[in-house]
Amino acid sequence: MKTTTASRWDIFCLVVDNFGDIGVTWRLAKQLHKEYGIHVTLWVDCLASFAHILPALDIKQRSQHFDGVTIKLWDQPLSQDYCAGDVLIEAFACELPASVKDELSRLNAAKQTVPVWLNLEYLCAEAWVDGCHGLPSMQTNGLLKYFYFPGFSDKSGGLICEQGLFSERDAWQADTCNKVNLFTQLGLKGIDPADTVISIFSYETPALAALCKLWQQSKDKVHALIPKGRSLNSLTALLNCDASDIMPGQQFHLGNLTIHILPMTDQQGYDRLLWSADFNIVRGEDSFLRAQWAAKPFIWHIYPQEDDYHLVKLRAFLEIYCDNLAPELANHWSELNIAFNTGESNSVLSHWEQLNSVDLSLLQDGQHHLQQWPVDALNDADLATRLINFVNSKSSRAKIEKPKIGI
Ligand SMILES: Cc1cn([C@H]2C[C@H](O)[C@@H](COP(=O)(O)OP(=O)(O)O[C@H]3O[C@@H](C)[C@H](O)[C@@H](O)[C@H]3O)O2)c(=O)[nH]c1=O
């Protein structure tokens, strides 16, 4: 491994809710270590949430190591020492611990080198991101903090995507045995490789129950794979039981639809699930991106915001995603996504059915788009690569380079 002088980074993550905050920061931390040899410490305030996507995590340990990343509990006040490294990332505008801010002020007053300080923002497809990405903001302690905006354009901070991911996905999808073995490992029974498989990781919406009722009457077999969680809150009437009583491993047979309840897996396992399904329903930020990398059709259940601002963000994404898509496909797919998010069940059903009856040439167009979009969206450089370039341009220390040989 090639060592660099600028090689110690800290990432602070406050879990607001669900798994996206820790999901994004954990994925980035792993990639920075694996591809750049950077020593990353990921400080997180809620190990119990983290353990859902890293089942091997010991929630009683204040410090532990996985995939080359040091994971530390961010308690209040911070009970483990923060020793300033080369880069300091606060994820999603979390307020850094007082002891960390004091240390930055001390270093600055002593005219010692301070870390490059960044706020990693949420992913957004809106055009204003390009103008705000990378802007500095003077803090009360006299230091600059930079705003790092992930995004879909070449002027933004880019999208998280590991090196070699698309080849790995292609190899996985080229061999049907991979999905069959995955379903067996997950304990799923009765799935024929020709059956339609739909993975579902959504928030609550009546549109989900409507789709399940439609699939129930489908002429072919449909399997809905649902990790135990919020999606089930929308299916209690259909399943005739309380969501809290539903356990991983359970199966519900409803006509031609079988609902399989899954345990949550680690991120690699979840990627493979997305690669193996025919259609994915995803949500938030990280699973949304992973569904795009899976090159399979998907519905995005965006994280709801005040005054329905999330619908503005949804439309901004639909617009760029559909830019090169045949108008008929673009229309049905966009309307399907909007209706799922607004809970308009009739509209969801109608656009789902229209999408399923498009003719072969349109279908081929859609398949091509699913494969090409991930390549185009990356614009030649993933988020980690752009982040390293950004840090190199702001730091007075030696530049970080990608190791020439694998780590
Ligand atoms: C279902 C599943 C998910 N995951 C991972 C994938 C992602 O990293 C993570 C889920 O994160 P997301 O898809 O982003 O959805 P999310 O809804 O869980 O997370 C978030 O959305 C953000 C927009 C909000 O700001 C956050 O506060 C948070 O709510 O869980 C697994 O690793 N295994 C699994 O089995």
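Remember, predicted model here, so these are calculated numbers, not experimental data. (Residues numbered from 1 in each chain as written. Predicted model: local features only at pLDDT ≥ 70, side-chain atom pairs only at ≥ 80, totals over all residues. Heavy atoms only, no water.)

Chemist: Mind showing me how you'd approach the site of the ligand here?
Modeler: The environment of the ligand is formed by 23 residues, the closest being Asp17, Tyr203, Thr265, Asp286 and Ser287. At 3.0 Å, a side-chain N or O of Asp21 approaches an oxygen atom of the ligand. Interatomic distance of 3.0 Å between a side-chain N/O atom of Gln267 and an oxygen atom of the ligand. Protein chains bury 97% of the 710 Å² of accessible surface belonging to the ligand in isolation. No other element matches the three residues that helix α1 (residues 20-36) contributes to the shell around the ligand. Here the shell around the ligand is composed, by residue class, of ten nonpolar, seven polar and six charged. Looking at the shell around the ligand, you find at least three residues from each of domain 1 (8-159 + 380-401) and domain 2 (165-378). (Near = heavy atom within 4 Å. Polar contact = N/O pair within 3.5 Å; in protein donor to acceptor, adjacent residues only side chain to side chain. Areas by Shrake-Rupley, 256 points an atom, 1.4 Å probe, with all protein chains shown as cover. Helix = DSSP H or I, 4+ residues; strand = E, 2+ residues; numbered from the N terminus. Nonpolar A, V, L, I, M, F, W, Y, C, P; charged D, E, K, R; others polar. Domains from an automatic or database assignment.)

Chemist: Honestly, the sheet that holds strand β10 (residues 222-227) in this entry has me stumped. Any pointers?
Modeler: Backbone hydrogen bonds hold the strands of a sheet together, and the pairing may be parallel or antiparallel. With mixed pairing, the six strands of this open sheet are ordered in space as β11-β12-β10-β9-β13-β14. At either margin of the open sheet sits one strand with a lone partner, and together these are β11 (251-254) and β14 (298-301). Strand-to-strand twist of the sheet, defined as the mean angle between neighbouring strand axes without regard to direction, takes the value 15°. One ladder, built from four bridges, connects strand β9 (residues 196-200) with β10; its direction is parallel. Bridge pairing in β10 places Ile198 opposite Ala224. (Pairing = 2+ DSSP bridges. Axes fitted to C-alpha atoms, helices over the stretch in contact; angles between N-to-C directions.)

Chemist: Hey, could you run me through helix α15 (residues 383-394) in this one?
Modeler: Two residues of an α-helix separated by three or four positions point the same way, owing to the 3.6 residues in each turn. Between its first and last C-alpha, α15 extends 16 Å over twelve residues, near the 16 Å set by a 1.5 Å rise per residue. Taken together, the buried positions of α15 are occupied by Leu383, Ala384, Arg386, Leu387, Ile388, Phe390, Val391 and Asn392. At the N-terminal end of α15, a side-chain oxygen is found 3.1 Å from the backbone nitrogen of Ala384, two or three residues along, and the residue is Asp382. (Expected span 1.5 Å × (residues − 1). Buried < 20%, exposed > 50% of the residue type's maximum accessible area, 1.4 Å probe, protein only.)

Chemist: How should I be thinking about the side chain of His332 in this particular structure?
Modeler: With respect to the helices, strands and loops of the structure, His332 is situated in helix α12 (residues 327-342). Apart from the residues within four sequence positions on either side, His332 is in contact with His351, Gln354 and Leu355. (Contact = heavy atoms within 4.5 Å.)

Chemist: So what exactly am I meant to see when it comes to helix α6 (residues 176-185) here?
Modeler: Residues of α6 that are buried include every one of Lys179, Leu182 and Phe183, and no others. Along the axis of α6, the buried positions cluster into a sector of 95°, meaning they face one direction only. Among the exposed residues of α6, those pointing more than 90 degrees away from its buried face are Thr184 and Gln185. For α6, the secondary structure elements touched by its buried residues are α5 (165-174), β9, β10 and α9 (267-276). Backbone nitrogen of Cys177 and a side-chain oxygen of the N-cap are separated by 3.0 Å at the start of α6; the cap is Asp175. Looking one or two residues beyond α6, the residue adopting positive phi is Gly187, at roughly 80°. (Arc of directions from axis to C-beta.)

Chemist: Help me understand the nonpolar core in this model?
Modeler: As a rule of thumb, soluble globular proteins bury nonpolar side chains together. In terms of nonpolar packing, the biggest core is built from 126 residues, with Ile259 and Phe317 touching the most fellow members. Apart from the residues within four sequence positions on either side, Ile259 is in contact with Cys212, Ala224, Ile226, Leu235, Leu239, Gln250, Gln251, Phe252 and Leu254. Core analysis: the next-biggest nonpolar cluster, separate from the first, contains twelve residues, Phe12, Leu88, Val100 and Trp117 among them. (Core = buried A, V, L, I, M, F, W, Y, C linked by side-chain atoms within 4.5 Å.)

Chemist: Sorry if this is basic, but what is going on with the confidence of the model for the protein here?
Modeler: Caution applies to low-pLDDT parts of the model: their predicted coordinates are not meant to be read in detail. For the protein, the average pLDDT comes to 95, and 98% of its residues sit at 70 or higher. The model gives residues 1-6 a pLDDT under 50, and that stretch makes 13 contacts with residues more than four places away or in other chains. Two numbers describe this predicted complex: its pTM, 0.96, and its ipTM, 0.97. (pLDDT = per-residue confidence, 0-100.)

Chemist: How should the pattern of salt bridges be read in this particular structure?
Modeler: In a structure, side chains of opposite charge can pair up when their charged atoms sit close to one another. Overall, the coordinates contain eleven salt bridges when judged by the stated rule. Put simply, Glu162 and Arg27 hold a salt bridge, and the shortest N to O gap is 3.6 Å. Here Glu162 is found in the loop between β8 (144-148) and α5, whereas its partner Arg27 is found in helix α1, with 135 residues between them in sequence. With respect to burial, Glu162 and Arg27 carry one shared label: buried. Across the pair Arg27 and Asp271 runs a salt bridge whose closest N-O atoms are separated by 3.9 Å. In this pair, Arg27 sits in helix α1 while Asp271 sits in helix α9, placing the two residues 244 residues apart along the sequence. The same class applies to Arg27 as to Asp271, namely buried. Here the salt bridges share partners, and the residues they tie into one network are Arg27, Glu162, Asp271, Asp286 and Arg290. (Salt bridge = Lys/Arg side-chain N within 4 Å of Asp/Glu carboxyl O.)

Chemist: Hey, could you run me through the pairing of strand β6 (residues 116-120) in this one?
Modeler: Put simply, side chains in a regular strand alternate between the two faces of the sheet. Among the five residues of β6, five are classified as buried, and the element is accordingly described as predominantly covered. The side-chain alternation of β6 yields two buried faces, one formed by Val116, Leu118 and Leu120 and the other by Trp117 and Asn119. Sheet topology note: the strand β5 (residues 87-91)/β6 ladder contains five bridges and is parallel. Residue Leu88 lies in a different strand from β6, and its bridge partner there is Trp117. What joins β5 to β6 is helix α3 (residues 98-109), and the crossover it makes is right-handed. Pairing geometry for β6 and β8, over three bridges, is parallel. (Right-handed = clockwise from strand over helix to strand, strands pointing away.)

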